[in-house]
Amino acid sequence: SLWILFCLFVQVHFTTNQEEELWSILVNRLNNSPLQAISLLHGLTETEAKKFLHACSSCVQCEAGDVITVQGDISYSYDLLLKGRLSSLTFQNPPRKYTSPGQHFGVNGLTEHNKHIEDIVATDSTEILVLSGIAFQKFFHSAPNIAHKIVYNTTKLAREKLRNVR
């Protein structure tokens, strides 16, 4: 009926506005397109990236001294620095710092649930983008083509990280 079509239009329009608003915030924080600044999004179209981020992400404000990850805790998210600075309390020789917008920190809790290997703390007022592994499971069912690209990218990034450690 016409009413159902109107409701669907309103829902799609509302979702699109939220996707655009989040995208605009990320462009501002990253000083770049999220497609360029976030390795996890490489190979996605802008439309796919917006849909994924809208479905799976939250922006979180942290203050200096806030503990972000705890060594040994299971991760249920994939975390990215948007602004501010983080440092490891575990790896200090040499000190491990996170200062680049779009930089991933912690372990991959998006596609698997690994234990954190370090304590990470905010060293000043910080904003992080949290990609929820729980939301990703639901997203995987609603948008499998996009989700497969994300899984591919997490695997590729993990392989690159292992190569750099050796």
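Analysis parameters
Residues numbered from 1 in each chain as written. Predicted model: local features only at pLDDT ≥ 70, side-chain atom pairs only at ≥ 80, totals over all residues. Heavy atoms only, no water. Helix = DSSP H or I, 4+ residues; strand = E, 2+ residues; numbered from the N terminus. Contact = heavy atoms within 4.5 Å. Areas by Shrake-Rupley, 256 points an atom, 1.4 Å probe, with all protein chains shown as cover. Pairing = 2+ DSSP bridges. Core = buried A, V, L, I, M, F, W, Y, C linked by side-chain atoms within 4.5 Å. Buried < 20%, exposed > 50% of the residue type's maximum accessible area, 1.4 Å probe, protein only. Axes fitted to C-alpha atoms, helices over the stretch in contact; angles between N-to-C directions.

Draft legend 1. Focus on the overall build of the protein. The helix and strand tally for the protein stands at five helices and eight strands. Restricting to contacts in the protein with at least 6 residues of sequence separation, those with at least 24 account for 75%. For the protein, the accessible area works out to roughly 9,700 Å², and carbon and sulfur atoms hold 56% of it.

Draft legend 2. Structural detail: the pairing of strand β4 (residues 86-92). Pairing geometry for β4 and strand β5 (residues 95-98), over three bridges, is antiparallel. Opposite Gln-92, over in β5, you have Pro-95 as the bridge partner. What sits between β4 and β5 in their antiparallel hairpin is a turn of two residues. Pairing analysis gives three bridges linking β4 to strand β7 (residues 120-122), with the strands arranged antiparallel.

Draft legend 3. Representation of the nonpolar core in the model. Membership of the largest hydrophobic core comes to 26 residues, with the highest contact counts inside it found for Leu-41, Phe-52, Leu-53 and Leu-131. Counting residues per element, the ones that place at least two in this core are α1 (2-30), α2 (34-37), α3 (46-56), β3 (77-83), β8 (126-132), α4 (133-142) and α5 (144-165). In this view, Phe-52 contacts Leu-40, Leu-41, Leu-110, Leu-131, Phe-136, Phe-139, Ile-146 and Ile-150; residues no more than four positions away in its chain are not counted. Listed in part, the nine residues of the second largest apolar core include Leu-81, Phe-105, Ile-120 and Val-130.

Draft legend 4. Structural context of the environment of Lys-115. Considering the arrangement of structural elements, one finds Lys-115 in the loop between β6 (104-105) and β7. When its relative accessible area of 53% is taken as the criterion, Lys-115 is described as exposed. C-alpha separation for the pair Lys-115 and Thr-69, spaced 46 residues apart in sequence, amounts to 9.9 Å. Look past the residues within four positions of Lys-115 in its chain and what remains in contact with it is Gly-72, Asp-73, Ile-74 and Val-107.

Draft legend 5. Expanded view of the sheet that holds β8. Pairing is antiparallel across the open sheet formed by four strands, whose spatial order is β1-β8-β3-β6. Bordering the open sheet on either side are β1 (57-62) and β6, each of which pairs with just one other strand. Pairing of β3 with β6, which is carried by two bridges, proceeds in the antiparallel orientation. Among the inter-strand pairings, Leu-80 is bridged to a residue of β6, identified as His-104. Set on the sheet, α3 makes contact with β1 and β8; between it and β8 the angle comes to about 95°. Seen against the sheet, α4 touches β3 and β8 and runs at an angle of roughly 40° to β8.

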